[in-house]
Amino acid sequence: MPTPLKKPLVIVTRKLPEVVETRMRELFDARLNIDDRPMRQADLAEAVRTAHVLVPTVTDRIDRALIAQAGPELKLIANFGNGVDNIDLDTARERGIIVTNTPGVLTEDTADMTMALILAVPRRLAEGAALLKDPRNAWVGWSPTWMLGHRIFGKRLGIIGMGRIGQAVARRAKAFGLQIHYHNRRRVPEAVEHELEATYWESLDQMLARMDIVSVNCPHTPATYHLLSARRLKLLKPTAYVVNTARGEVIDENELARLVEAGQITGAGLDVFEHEPAINPKLLASDRVVVLPHMGSATVEGRIDMGEKVIINIKTFADGHKPPDRVLATMF
Ligand code: 8YV
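Residues numbered from 1 in each chain as written. Predicted model: local features only at pLDDT ≥ 70, side-chain atom pairs only at ≥ 80, totals over all residues. Heavy atoms only, no water.

Chemist: Even after reading the chapter, I still don't get the sheet that holds strand β8 (residues 199–200), so can you show me in this structure?
Modeler: Paired through their backbone hydrogen bonds, the strands of a sheet run either parallel or antiparallel. One open sheet holds the 7 strands; their spatial order is β8-β7-β6-β9-β10-β11-β12, and the pairing between them is parallel. Strand pairing shows two members of the sheet lacking a second neighbour, β8 and β12 (289–291), which therefore form its edges. Where strand β7 (residues 179–183) and β8 come together, 2 bridges link them in parallel fashion. Paired with Tyr182 across the two strands is Tyr200, which belongs to β8. Contacts between helix α5 (residues 107–120) and the sheet are confined to β6 (156–160), β9 (213–216), β10 (241–244), β11 (267–270) and β12, with β10 contributing the most and set at about 160° to the helix. (Pairing = 2+ DSSP bridges. Helix = DSSP H or I, 4+ residues; strand = E, 2+ residues; numbered from the N terminus. Contact = heavy atoms within 4.5 Å. Axes fitted to C-alpha atoms, helices over the stretch in contact; angles between N-to-C directions.)

Below is the structure:
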């Protein structure tokens, strides 16, 4: 059991919603990043040397080398975010540092964004909108064969990763008339399969070859890195679409870009990228790819809820209890 800390020194790496920052100041000795300038590794090293608690985000690389520089006071890394692939969990554990995240509160927002991409790509939403806004394209009016996309009703959606977000996507997609298929490390309970009328595929390869749309909704871990490898991407039907709101690293981005360019995959909707903020130029250039700047969970409500979770984790820890959202490497 950790010893209670009256006002722990909490270093927050990025600007958070004002209500969250205000509450943090009330409860903790909080050092905030008002300018929101991303911290360099040297700044992060300085932070871990002095803080009791570090609050990083997806943009901070909390790797072995950084954790090695942690001072004896650092006992908690309270990630502002669900995914913890930015943190070396094993090294944190070796050093006795607890890691927490913010599960649950961004499920619905991320699922909404996934559904938006599932609709946007086959129905050419971004392309149509961009056409009208481009002054070089005066719109001459409706035509029966112009801007034709593809129907999603009745098509097969293959969800990779049937956790909270995957299930929330399935619920939405089912309402849009899509047939739900999924691949997951473990089969979900029968009641969930029944509700979603979902078909489980133990073999990802077999599922991929039969889907019209594939949505990536699993975390990035050593086991899921390039899960959609060059070999697997080639299994997709040439009419297929790929949607990713999870982590770019799960897909071999270069190969995806190449296959879309070659017309061997029809299109993609991507909110995340392998080397953020860099994006493969072929993806940027393609009309058949909708790209978004990692905004799956970007709602005011979601960010405040994430902040609340971070505060609860820190406060429980500071009061000498186990924080509720502890993350263990074995959970992934
Ligand atoms: C967050 C995310 O915005 O929580 C996650 O895993 O991918 C995003 O939606 C980001 O991670 C905040 O750190």
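Additional details are given in the paragraphs that follow.
Chemist: I keep staring at helix α1 (residues 18–27) and nothing clicks. Help me out?
Modeler: Structural remark: α-helix, 3.6 residues per turn; residues separated by three or four positions point the same way. For α1, every residue scored as buried is listed here: Val20, Glu21, Met24 and Leu27. For α1, the arc enclosing every buried residue in end-on projection is 130°, short of the 170-degree limit, so these residues lie on one face. Facing away from the buried side of α1 by over 90 degrees, the exposed positions are Glu18 and Val19. (Buried < 20%, exposed > 50% of the residue type's maximum accessible area, 1.4 Å probe, protein only. Arc of directions from axis to C-beta.)

Chemist: How should the pairing of β7 be read in this particular structure?
Modeler: Counting buried positions over the 5 residues of β7 gives 4, a clear majority of the element. Taken together, the 5 bridges between β6 and β7 define a ladder with parallel strand orientation. The residue bridging Gly158 from the neighbouring strand is His181, located in β7. Taking the sense of rotation as the criterion, the β-α-β connection linking β6, helix α7 (residues 164–175) and β7 turns out right-handed. (Right-handed = clockwise from strand over helix to strand, strands pointing away.)

Chemist: Would you explain helix α13 (residues 300–318) in this entry?
Modeler: Look at α13: 27 Å from first C-alpha to last across 19 residues, which is about the 27 Å you get at 1.5 Å a residue. Along α13, the positions that sit buried rather than exposed are Gly302, Met306, Gly307, Val310, Ile311, Asn313, Ile314, Phe317 and Ala318. Within two residues after α13, Gly320 carries a phi angle of roughly 90°, on the positive side. (Expected span 1.5 Å × (residues − 1).)

Chemist: What is the right way to read the site of the ligand from this model?
Modeler: Around the ligand, a shell composed of Thr57, Val58, Phe80, Gly81, Asn82, Gly83, Leu106, Arg247, His294, Ser297 and Arg303 is seen. Between the ligand and Gly83, the relevant distance is 2.7 Å, taken from an oxygen atom to a main-chain nitrogen or oxygen of the residue. Between the ligand and Ser297 there is a distance of 2.5 Å, counted from an oxygen atom to a side-chain nitrogen or oxygen. Protein coverage of the free-state accessible area of the ligand, which is 330 Å², stands at 89%. Here the shell around the ligand is composed, by residue class, of 3 nonpolar, 6 polar and 2 charged. (Near = heavy atom within 4 Å. Polar contact = N/O pair within 3.5 Å; in protein donor to acceptor, adjacent residues only side chain to side chain. Areas by Shrake-Rupley, 256 points an atom, 1.4 Å probe, with all protein chains shown as cover. Nonpolar A, V, L, I, M, F, W, Y, C, P; charged D, E, K, R; others polar.)

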